[in-house]
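Residue-level structural notes
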Amino acid sequence: MCRASRPCGVTSRTVTRMAEYVVDSTGDNAAHGVDLIDGDQPAVRMIVHGDLPATIDHDGRTWAPTGHAEDQGDDAPPIAVYRPV
């Protein structure tokens, strides 16, 4: 089943690997998980290096942060949620 917290094609193993990568990154190479969510469509999950931007351009659209985050649990960092502007 596809959910915002686990998009289609994203397995628990993928989420664990991404979480480990994000946790282990620091300084100028700091990474943040981001979900681009638009209604009932499967979320697009990506890793952003550095500070989270005010907007993200992806697939011909502009996305802005909602101020919410998906809690991944198990000591994984939260995933920032962006929606289309």
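Overview of the structure. (Residues numbered from 1 in each chain as written. Predicted model: local features only at pLDDT ≥ 70, side-chain atom pairs only at ≥ 80, totals over all residues. Heavy atoms only, no water.)

Considerations on the overall build of the chain
When you go through the chain residue by residue, the secondary structure sums to 1 helix and 5 strands. The helix and strand sequence of the chain, counted from the amino end, reads α-β-β-β-β-β. Residue burial in the chain is summarised as follows: out of 85 residues, 32% are buried. Long-range pairs, those at least 24 residues apart, make up 40% of the contacts in the chain with a sequence separation of at least 6. (Helix = DSSP H or I, 4+ residues; strand = E, 2+ residues; numbered from the N terminus. Buried < 20%, exposed > 50% of the residue type's maximum accessible area, 1.4 Å probe, protein only. Contact = heavy atoms within 4.5 Å.)

Description of the pairing of strand β5 (residues 79–84)
Examined bridge by bridge, strand β1 (residues 31–36) and β5 share 3 bridges and lie parallel to one another. Bridge pairing links Leu 36 to Tyr 82 in β5. Pairing of strand β4 (residues 61–70) with β5, which is carried by 5 bridges, proceeds in the antiparallel orientation. Pairing of Ala 69 across the sheet is with Ala 80, part of β5. (Pairing = 2+ DSSP bridges.)

Let's talk about the sheet that holds β4
Read across the open sheet, the 5 strands follow the order β2-β1-β5-β4-β3; overall the sheet is mixed. Two strands close off the open sheet at either side, each with one partner strand: β2 (44–49) and β3 (56–58). The mean angle between the axes of side-by-side strands here comes to 40°, regardless of whether they run parallel or antiparallel. The pairing of β1 with β2 spans 6 bridges and is classified as antiparallel. Considered in β2, the bridge of Asp 35 is made with Arg 45. (Axes fitted to C-alpha atoms, helices over the stretch in contact; angles between N-to-C directions.)

Observations concerning the nonpolar core
What tends to happen in soluble globular proteins is that the nonpolar side chains get buried as a cluster. Formed by Val 34, Leu 36, Met 46, Val 48, Ile 56, Trp 63, Ala 80 and Tyr 82, the largest nonpolar core amounts to 8 residues. Those elements that provide at least two residues to this core are β1, β2 and β5. The residues contacting Leu 36, other than those within four sequence positions of it, are Ala 43, Val 44, Met 46, Ile 56, His 58, Trp 63 and Tyr 82. (Core = buried A, V, L, I, M, F, W, Y, C linked by side-chain atoms within 4.5 Å.)

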